[in-house]
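# Coordinates in review
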Amino acid sequence: VQLVESGGGLVQPGGSLRLSCAASGFTFSSYAMNWYRQAPGKERELVARISSAGGSTNYADSVKGRFTISRDNAKNTVYLQMNSLKPEDTAVYYCNVRYWGAHYWGQGTQVTVSS
């Protein structure tokens, strides 16, 4: 299993970013996918989840209405569109899948929201 995130960077408050996670090594279309984040000094938290076919999504309360998770099963890629970004969204964002009972993580991509 390999997960490779991209798309992070520095953005001003109110701005937008789109994260991508390219997956390989498993049947992507059969598994729910997750985005987590971890801010300095804080625990890693679940941000958004999408079902295997993409028909069901869930979000942390802190990002509802601002973030959108989506997937393209033909491209083995999951996305996180982040709008109206706030300084408190600053964190390393990780792509995650639970495969055969084990959690797999990407290397993470840094998102910094600052003026």
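Provided above is the structure to which this section pertains.
Quick caveat, the model's predicted, so the values are computed rather than measured. (Residues numbered from 1 in each chain as written. Predicted model: local features only at pLDDT ≥ 70, side-chain atom pairs only at ≥ 80, totals over all residues. Heavy atoms only, no water.)

### What about the state of the cysteines?
Put simply, the rule is: The definition used for a disulfide is geometric: two cysteine sulfur atoms within 2.5 Å. Labels follow the DSSP assignment, with helices taken as runs of H or I lasting at least four residues and strands as runs of E lasting at least two, numbered in each case from the N terminus. Here the term buried applies to any residue with accessible area under 20% of the maximum for its type, exposed to any over 50%, and partly exposed to those in between, with areas from a 1.4 Å probe on protein chains only.
Inspection of every chain in the model, using the stated rule, returns one disulfide. Linked covalently through their sulfurs, C21 and C95 form a disulfide whose S-S length is 2.1 Å. Judged by the sign of its S-S torsion, about -80°, the bond between C21 and C95 is left-handed. One end of the pair, C21, is in strand β3 (residues 17–24); the other, C95, is in strand β9 (residues 91–99), with 74 residues separating them in the sequence. Take C21 and C95: they sit in the same class, and that class is buried.

### Digging into the pattern of salt bridges
How we decide: We define a salt bridge as a side-chain nitrogen of Lys or Arg found within 4 Å of a carboxyl oxygen belonging to Asp or Glu.
Applying the stated criterion across every chain yields a total of four salt bridges. Residue R37 is joined to E45 by a salt bridge in which the shortest nitrogen-to-oxygen separation is 2.6 Å. Note on R37: relative accessible area 6%, which makes it buried. By relative accessible area, which is 32% here, E45 ends up partly exposed. When salt bridges that share partners are traced, they join R37, E45, R66 and D89 into one network.

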